[in-house]
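Geometric and topological summary
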Amino acid sequence: MRPDPMFFLMRCLHNEGQDAARDTHRPSHRAWVQSGGEGLAAVLIGSALVDEGGSSLGNFGILEAASLEEAQAFAQGDPFNRAGIVSAIELTQLPDTFQAARISDPMTPRKNG
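Attention in this report is confined to the structure presented alongside it. The residue count restarts for each chain, going from 1 along the sequence in the order it is written. Two thresholds apply to this predicted model, a pLDDT of at least 70 for residue-level local features and 80 or more for giving and counting side-chain atom pairs, whereas whole-chain, interface and lining totals are computed over all residues. Hydrogen atoms and water are omitted, and side-chain values are computed over all heavy atoms in the structure.

1. Regarding the overall build of the chain
Secondary structure elements are defined from DSSP: runs of H or I of at least 4 residues count as helices, runs of E of at least 2 residues count as strands, and each element is numbered from the N terminus. When helices and strands are tallied, the chain shows four helices and four strands. Radius of gyration here uses only the C-alpha atoms, and the compact-globule reference equals 2.2 Å multiplied by the residue count raised to the power 0.38. Against the 2.2 N^0.38 benchmark of 13 Å for 113 residues, the chain shows a C-alpha radius of gyration of 14 Å, consistent with a compact globule. C-alpha atoms of the chain, sized along the principal axes, occupy 45 × 30 × 25 Å. Between buried and exposed lies partly exposed: a residue is buried under 20% and exposed over 50% of the maximum accessible area for its type, with that area taken using a 1.4 Å probe on protein chains only. Within the chain, the proportion of its 113 residues that are buried is 32%. In what follows, residue pairs with any heavy atoms lying within 4.5 Å of each other are defined as contacts. Nonlocal contacts in the chain, meaning residues at least 24 apart in sequence, comprise 76% of its contacts between residues at least 6 apart. Split by element, the accessible area of the chain, about 6700 Å² in all, is 50% carbon and sulfur. In this tally Asp and Glu are treated as negative and Lys and Arg as positive; neither His nor the chain ends contributes. Taken as the charge centre is NZ of Lys, CZ of Arg, CG of Asp or CD of Glu, depending on the residue. Placing the 9 positive and 14 negative side-chain charges of the chain at their respective mean positions leaves the two points 5 Å apart. Here, Shrake-Rupley sampling with a 1.4 Å probe gives the accessible areas, and only protein chains in the shown set may cover a residue.

Here is the structure:
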């Protein structure tokens, strides 16, 4: 029997002046997200974070993972992080009452259906 999945809010804040680097690494970042970090986590939904002027601050995602360690490995393995674009990664576990089933079109196939 598989353990119940855990859900996390992931926020990745970016260093300033990373537009060119983001453009360079975006295809590999998107492939990482689509693969769930080669199976580490499912990304249910995510997007860029921007300031009031539309400048990029980073990105966020709702992750489904078996553990905090797997969620951390997913975030740390992202090509944006490996390229030095990310200044900080924040992971917050969501409560057991989080309604993941309401996300009807996940970015990565769900781990537990």
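2. As for the sheet that holds strand S1 (residues 6-14)
In spatial order, the strands read S2-S3-S1-S4; together these four strands make up an open sheet with antiparallel pairing. One side of each edge strand has no neighbouring strand; the edge strands of this open sheet are strand S2 (42-50) and strand S4 (86-93). Across this sheet, the average inter-strand angle for adjacent strands is 15°, counted without regard to direction. By the bridge criterion, eight bridges tie S1 to strand S3 (residues 56-65) in an arrangement that is antiparallel. Paired with Leu-9 across the strands is Ile-62, a residue of S3. Should DSSP find at least two bridges between two strands, the strands are regarded as paired. Structural elements are reduced to axes, namely lines fitted to C-alpha atoms, with helices fitted over the stretch in contact, and the angle between N-to-C directions of any two is expressed from 0 to 180 degrees.

3. With respect to the pairing of S3
Buried residues dominate S3, accounting for seven of its 10 residues. Relative to S3, S2 runs antiparallel, the two sharing eight bridges. Counted as the bridge partner of Ala-42 is Glu-64 from S3.

The quantities given are spatial measurements derived from coordinates; they are silent on function.
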